[in-house]
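What follows is the residue order along each chain.
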Amino acid sequence: MSSIKKLSLPIIFFVILLLVACQADENDLMFVGEGENWSAKVIAIQMNGEEKYQIQLNYKGHNIQEIENFSYFVETKNIGVINFEVKNASFNQEGIHQKDLLISNSPSSSVEDELVIKVEWNGNSESFNLINK
């Protein structure tokens, strides 16, 4: 029985070490903001030496059915590291636009970054800042 106790302690230590190491490999940065007509959330997922992006856009107006499609452009305000555009975007059934972007960069976003998003729809446009939360 004592050999089992001697063996279990190193195994428990190894499992804890492995769990801590796996968690340390991912870093998500969430940027949020809103304008008069739109709110947005961009998540920069930094994992295994890459950075990928997810975006969620919500229209705050009342006539969402009048918006067939829209476009948006996101960039970093201070350095210009993040830079992507989506044209002909649309909403899901809940009136939300969500997209996992296939863009992949080496991790370059930081908590100090501030993003700017410009949304264009039905001949209108609105720009606003997204800050890290």
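Scroll up a little and you will see the structure.
Residues numbered from 1 in each chain as written. Predicted model: local features only at pLDDT ≥ 70, side-chain atom pairs only at ≥ 80, totals over all residues. Heavy atoms only, no water.

Colleague: Before we move on, could you go through the overall build of the protein chain and cite the residues and values that matter?
Modeller: Assigned secondary structure in the protein chain consists of one helix and eight strands. Helices and strands in the protein chain line up, N terminus first, as α-β-β-β-β-β-β-β-β. Evaluated residue by residue, the protein chain yields a buried proportion of 30% over its 133 residues. As displayed, the protein chain has an accessible area near 8800 Å², and 52% of this comes from carbon and sulfur atoms. (Helix = DSSP H or I, 4+ residues; strand = E, 2+ residues; numbered from the N terminus. Buried < 20%, exposed > 50% of the residue type's maximum accessible area, 1.4 Å probe, protein only. Areas by Shrake-Rupley, 256 points an atom, 1.4 Å probe, with all protein chains shown as cover.)

Colleague: Please provide a residue-by-residue account of the packing of aromatic side chains, values included.
Modeller: Each pair of aromatic rings is reported with the distance of its centres and the angle of its planes. A complete count under the given rule lists eight aromatic pairs for this structure. When the ring of W38 is compared with that of W121, the centres are 5.4 Å apart and the planes differ by 75°; the resulting orientation is edge-to-face. Note that W38 is positioned in strand β2 (residues 38–47) and W121 in strand β7 (residues 114–121), a separation of 83 residues in sequence. A relative accessible area of 6% means that W121 is categorised as buried. (Phe/Tyr/Trp six-rings, centres within 6.5 Å; stacked < 30°, edge-to-face > 60°.)

Colleague: Provide a residue-level description of the nonpolar core, including the pertinent values.
Modeller: Membership of the largest hydrophobic core comes to 26 residues, with the highest contact counts inside it found for W38, I55, L57, F70, Y72, F84 and I117. When residues of this core are traced back to their parent elements, those giving at least two are β1 (26–34), β2, β3 (50–59), β4 (70–76), β5 (83–89), β7 and β8 (124–132). Leaving out residues up to four positions away in the same chain, I55 has contacts with K41, V42, Y72, V74, F84, H97, Q98, K99, L101 and I117. (Core = buried A, V, L, I, M, F, W, Y, C linked by side-chain atoms within 4.5 Å. Contact = heavy atoms within 4.5 Å.)

Colleague: Which residues make up the pairing of β7, and what values go with them?
Modeller: In β7, alternate side chains face the same way, and those of L115, I117, V119 and W121 are buried while those of E114, V116, K118 and E120 on the opposite face are not. Where β4 and β7 come together, seven bridges link them in antiparallel fashion. Within the sheet, the bridge partner assigned to V74 lies in β7 and is I117. Two elements, β7 and β8, share eight bridges in a ladder whose sense is antiparallel. Bridging from a neighbouring strand, L115 pairs with L130 of β8. (Pairing = 2+ DSSP bridges.)

Colleague: How would you summarise the pattern of salt bridges if you had to cite specific residues and measurements?
Modeller: Applying the stated criterion across every chain yields a total of four salt bridges. We note a salt bridge from E120 to K118, for which the minimum N-O separation is 3.4 Å. (Salt bridge = Lys/Arg side-chain N within 4 Å of Asp/Glu carboxyl O.)

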